[in-house]
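Each chain is listed here by its residues.
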Amino acid sequence: MDIKRIGIIGVGGIACGRHIPELIDVKDCKITAICDIDENRLKTVGDKLYIPEELRFTDYNDLINSPDVDAVEICTPNHLHVPIATAAVKAGKPVNIEKPLSINLAECEPLKCALKENPVKNMMSFTYRFMPAIRYAKWLLDKGLIGDVINVDVLYIKNSGFIKGRRLEWRFEKDKAGTGVLGDLGVHLIDMAELLTGKITAVSAVTDIVVKQRKRLDSEELANVETDDYCSFICDMENGAKGSFVISRCAIGHQGTVKFDVFGTKGIVSFDLNNPNVLNVCYGEVDLANENIHTVDVPQEFFTTQEAEFIKMLQGDSYDILPTIDDGLRSQKILDSILESAEKRCWIEI
Ligand SMILES: NC(=O)c1ccc[n+]([C@@H]2O[C@H](COP(=O)([O-])OP(=O)(O)OC[C@H]3O[C@@H](n4cnc5c(N)ncnc54)[C@H](O)[C@@H]3O)[C@@H](O)[C@H]2O)c1
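Residues numbered from 1 in each chain as written. Predicted model: local features only at pLDDT ≥ 70, side-chain atom pairs only at ≥ 80, totals over all residues. Heavy atoms only, no water.

Participant: Would you mind going over the sheet that holds strand β3 (residues 56–57) in detail, with residue names and values included?
Facilitator: Strand order in this open sheet of six strands is β3-β2-β1-β4-β5-β6, and the pairing throughout is parallel. Both outer strands of the open sheet, β3 and β6 (122–124), are each paired with one neighbouring strand and no more. Pairing analysis gives three bridges linking strand β4 (residues 71–74) to strand β5 (residues 95–97), with the strands arranged parallel. Residue pairing for β5: E73 is matched across the bridge by N96. (Pairing = 2+ DSSP bridges. Helix = DSSP H or I, 4+ residues; strand = E, 2+ residues; numbered from the N terminus.)

Given below as structure tokens:
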């Protein structure tokens, strides 16, 4: 059996919450090396995974160049995605990169150049693409079951910005995160909207920083929050459809509400993150007098996981809606345009 040896760079929240547990469930791979600048995390995760001391790194270049690593997962803060991915691509190692791809599109140039010279296999962790309901929604929409898309209506709201005592972690600093809640949560839905309904062609946005100051991580000093806590925008899409998005981490009463509705001329497809294995749909004999939106279970063939698909990709068996660096670049362009629109208070063509 072709066992893929995976190195993970950045073993914080998402590495431990998704990448590692999902990789453990995949037969044909082994996590052979990890890297983190936080030595405590390195030890805790290294011990848990029985990683030998010599394969626990604090410099990502050492992990990338290790002969015991076939492919690299990049789970660091956003500003490090491109430098690490560029180093991996130059070393000929396939990558799975967390979203958003970068802090802005201009920063992505070195990665684009490296990929041109050395086109290695690559994937972006647009996690929603691996959720059964989204894959099923794509299948239904591609069949034209709801007719022409009129609009997508998207809500992603949380109360996490109000967590008591939350400090000025990297997500609140522009040079490390690029965008705030927009790139943290919104980028998933932007990618989803383009996947399901077509390219976004113009945006008009507003953003806000709700909690203006937070204490630094290592002192009691207050410092300014530099990234958005709230973003809403409307958009035009290439097929004439319209979109409306509301994204917030300052929504009291919501621990994580994601609603994604696609309205068509003959029906609706509707996704709710709190119930990711079903879709709410209405198509066919639509009876306007009776609300006939019904819930359908997603068929088993649409079930998979992000990390299972990463390993399959390495083995040459590609997922039908695999997100790649090209999709990361595309959504980065949209993030940049949304911020520009909010700053200039005008429509931006993409
Ligand atoms: N796909 C998703 O649904 C999803 C969810 C959450 C986070 N994310 C993304 O994952 C990334 C990480 O987010 P997180 O919540 O895990 O953050 P985190 O702060 O919990 O973890 C980041 C880790 O990277 C380490 N790190 C920092 N600099 C490093 C360096 N130079 N070399 C090696 N390690 C370094 C940190 O010490 C930390 O352990 C972000 O890009 C975020 O947007 C994606």
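So much for the structure itself; the text now carries on.
Participant: Please provide a residue-by-residue account of helix α4 (residues 81–90), values included.
Facilitator: The buried count for α4 comes to seven of 10 residues, which makes it a mostly enclosed element. Listing the buried residues of α4 in full gives H81, V82, I84, A85, T86, A88 and V89. Where the residues of α4 are buried, they touch β1 (4–9), α3 (60–64), β4, β5 and α5 (109–117). Positive backbone phi, approximately 75 degrees, marks G92, located one or two places after α4. (Buried < 20%, exposed > 50% of the residue type's maximum accessible area, 1.4 Å probe, protein only. Contact = heavy atoms within 4.5 Å.)

Participant: Give me the side chain of T32: which residues, what numbers.
Facilitator: Mapped onto the secondary structure, T32 falls in strand β2 (residues 29–35). One polar contact links the side chain of T32 to the main-chain carbonyl oxygen of D68, over a distance of 2.8 Å. Beyond its immediate sequence surroundings of up to four residues, T32 is in contact with R5, I6, I51, L55, D68 and V69. (Polar contact = N/O pair within 3.5 Å; in protein donor to acceptor, adjacent residues only side chain to side chain.)

Participant: Explain the domain arrangement of the protein residue by residue, including any values.
Facilitator: Structurally, the protein comprises domain 1 (4–127) and domain 2 (128–303 + 322–349). Here the C-alpha centre of domain 2 lies 25 Å away from the C-alpha centre of domain 1. Taken together, the contacts link 22 residues of domain 1 with 27 residues of domain 2. Together, the buried faces of domain 1 and domain 2 total about 2100 Å²; carbon and sulfur atoms form 68% of this surface. The three residues of domain 1 that bury the most area against domain 2 are L105, F126 and T127, which together make up 33% of that side's buried surface. Put simply, domain 1 and domain 2 have one salt bridge between them. The closest approach of N and O atoms between K99 and D184, which form a salt bridge, is 3.5 Å. Here domain 1 and domain 2 share 11 residue pairs in polar contact (both at pLDDT 80 or more) between them. (Domains from an automatic or database assignment. Buried area = accessible area lost by both parts, 1.4 Å probe. Salt bridge = Lys/Arg side-chain N within 4 Å of Asp/Glu carboxyl O.)

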